[in-house]
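Below, each chain spelled out in residue letters.
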Amino acid sequence: MRIKTGSGTSIGLLTLCAIYSVSVVISLPGLAISPILGELEHVFPHATQFQLQLLATISSLVVIPFILLSGRLSINRDRKTILIIGLGLFLLSSILYLRADSIESLLWISVLLGVGAGMIIPLSKGLIAIYFSGEQRQRQLGISSGVTNTSLVLATIITGELADIDWHWAFLVYMFSLVSLVLVFTLKPNRGPQLPNETLNRIKSETPTPIPH
């Protein structure tokens, strides 16, 4: 199955799935924390309220500077490499969460998650700008936003169910980054020319900044 790009060419279904998978991953940062905050107060009785509140927001705070850095790096560098690094950090943090045994370790892992998320968020829209043009680009931007919002709802439900079993299990939802990482490896390296300023500005304005869930 081939998907038209709007420029007289087409891409494979696997490439489209890779693009959509990144849209799913960017909906996840911070999602696993909210359902377990109450339980963490009992698991780590010596944790302060400031630490618990910081845990709920720190990944979103870290995301912001790395969104700017990733956007800058992606202009004249291979975007696939940046995606792989970002998804790799995201996946690493999801594994480390499962072994976390202190509030301090959770905070540091959340910082790592924010770094990884910040690197991939601009490219979730950037990939669409690379592969599609014209009406097809606008159509795919809309579908991508729908994928992000739908996955957020589904992941929230799944996270709540997992948190009822064990608070560590809430972080399993972040493991979807493994699926995205595998799919992104199938993309062709893309350095490409610098995108027009108007395109970069539009992508930046359409790029969502995660907020605490």
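Here the structure is a predicted model, which means the values were calculated and not measured.

*Asks:* I keep staring at the overall build of the protein and nothing clicks. Help me out?
*Replies:* Helix and strand counts for the protein come out as eight helices and two strands. Accessible area of the protein: about 10,400 Å², with a carbon and sulfur share of 65%.

*Asks:* Teacher, can you tell me more about helix H6 (residues 134-165) here?
*Replies:* Because each turn of an α-helix spans 3.6 residues, side chains separated by three or four positions in sequence point in the same direction. For H6, built from 32 residues, the straight-helix expectation of 46 Å at 1.5 Å per residue is met to within 8% by its first-to-last C-alpha distance of 47 Å. When H6 is considered as a whole, its buried residues turn out to be Arg 137, Gln 140, Leu 141, Ser 144, Thr 148, Ser 151, Ala 155, Thr 159, Leu 162 and Ala 163.

*Asks:* Please explain the nonpolar core as it appears in this structure.
*Replies:* The nonpolar side chains of a soluble globular protein tend to be buried with one another. Leu 40, Leu 106, Phe 132, Phe 171 and Tyr 174 are the most contacted members of the largest nonpolar core, which has 58 residues in total. Every element with two or more residues in this core is listed here: helix H1 (13-25), helix H3 (49-73), helix H4 (79-97), helix H5 (103-131), H6 and helix H7 (176-184). With 14 residues, H5 is the single largest residue contributor to this core. What Tyr 174 contacts, discounting residues up to four positions off in sequence, is Leu 28, Pro 29, Gly 30, Leu 31, Ala 32, Phe 90, Ser 94, Tyr 97 and Leu 113.

*Asks:* In this structure, what is going on with a nonpolar patch on the surface? I would like to understand it.
*Replies:* A contiguous nonpolar patch, built from Ile 165, Trp 169 and Leu 172 and spanning about 290 Å² of accessible area, is present on the exposed surface. The residue Leu 172 is located in the loop between H6 and H7 in this model.

*Asks:* Could you clarify how one ought to interpret the packing of aromatic side chains in this entry?
*Replies:* Per the stated rule, a full pass over the model turns up six aromatic pairs. Each ring, one from Tyr 97 and one from Tyr 174, has its centre 5.7 Å from the other, and the planes form 50 degrees; the classification is tilted. Within this pair, whereas Tyr 97 is found in helix H4, its partner Tyr 174 is found in the loop between H6 and H7, the two being separated by 77 residues in sequence. The exposure class of Tyr 97 is buried, given its relative accessible area of 0%. For Tyr 174, a relative accessible area of 0% gives the class buried. Taking the centre distance of 6.1 Å and the plane angle of 55 degrees together, the rings of Phe 171 and Tyr 174 count as tilted. Ring-pair connections join several aromatic residues into one group, and the members of that group are Phe 44, Phe 90, Tyr 97, Trp 167, Phe 171 and Tyr 174.

*Asks:* Help me out: how do you make sense of the side chain of Thr 159 in this one?
*Replies:* In this structure, Thr 159 sits in helix H6. Exposure remark for Thr 159: the relative accessible area of 1% places this residue in the buried category.

*Asks:* Is there a simple way to think about the packing of H4 against H5 in this case?
*Replies:* If you want to describe how two helices pack, look at the angle between their axes and the distance between the axes. Contact pair H4 / H5: the axes reach a minimum separation of 8 Å and the direction vectors enclose 150 degrees. For the crossing formed where H4 meets H5, the hand is left-handed. Class assignment of the residues belonging to the contact of H4 with H5 gives a composition of 20 nonpolar, four polar and one charged.

*Asks:* Please explain the confidence of the model for the protein as it appears in this structure.
*Replies:* Confidence in the prediction for the protein averages 85 pLDDT; 89% of positions are at 70 or higher. Between residues 192-200, whose pLDDT stays under 50, and residues either more than four places distant or in other chains, the model counts 13 contacts.

*Asks:* What should I look at first to understand the environment of Pro 189 in this one?
*Replies:* In this fold, Pro 189 is placed in the loop between H7 and helix H8 (197-206). Pro 189 sits 112 residues away from Arg 77 along the chain, and the two C-alpha atoms are 9.7 Å apart.

*Asks:* Is there a simple way to explain the packing of H3 against H5 in this structure?
*Replies:* For the pair H3 and H5, interaxial distance at closest approach is 7 Å and the crossing angle is 30 degrees. Considered as vectors, H3 and H5 are oriented roughly parallel to each other. Considering the relative orientation of H3 and H5, their crossing is right-handed. Split into classes, the residues belonging to the contact of H3 with H5 amount to 19 nonpolar, seven polar and one charged.

*Asks:* Looking at this structure, how should I read H3?
*Replies:* Between its first and last C-alpha, H3 extends 37 Å over 25 residues, near the 36 Å set by a 1.5 Å rise per residue. In H3, a bend of some 45 degrees at Thr 57 exceeds every other bend along the element. The complete set of buried residues in H3 reads Gln 51, Leu 52, Leu 55, Ala 56, Ile 58, Ser 59, Ser 60, Val 62, Val 63, Ile 67 and Ser 70. Residues of H3 that are buried make contact with helix H2 (37-43), H4 and H5.

Criteria and cut-off values
Residues numbered from 1 in each chain as written. Predicted model: local features only at pLDDT ≥ 70, side-chain atom pairs only at ≥ 80, totals over all residues. Heavy atoms only, no water. Helix = DSSP H or I, 4+ residues; strand = E, 2+ residues; numbered from the N terminus. Areas by Shrake-Rupley, 256 points an atom, 1.4 Å probe, with all protein chains shown as cover. Expected span 1.5 Å × (residues − 1). Buried < 20%, exposed > 50% of the residue type's maximum accessible area, 1.4 Å probe, protein only. Core = buried A, V, L, I, M, F, W, Y, C linked by side-chain atoms within 4.5 Å. Contact = heavy atoms within 4.5 Å. Patch = residues over 30% accessible without salt bridge, like charges linked within 9 Å, V, L, I, M, F, W, Y side chains within 5 Å. Salt bridge = Lys/Arg side-chain N within 4 Å of Asp/Glu carboxyl O. Phe/Tyr/Trp six-rings, centres within 6.5 Å; stacked < 30°, edge-to-face > 60°. Axes fitted to C-alpha atoms, helices over the stretch in contact; angles between N-to-C directions. Left-handed = near helix turned anticlockwise from the far one by under 90°. Nonpolar A, V, L, I, M, F, W, Y, C, P; charged D, E, K, R; others polar. pLDDT = per-residue confidence, 0-100. Parallel < 35°, antiparallel > 145°, perpendicular 65-115°, else oblique. Bend = angle between axes of the 7 residues up to and from the residue.

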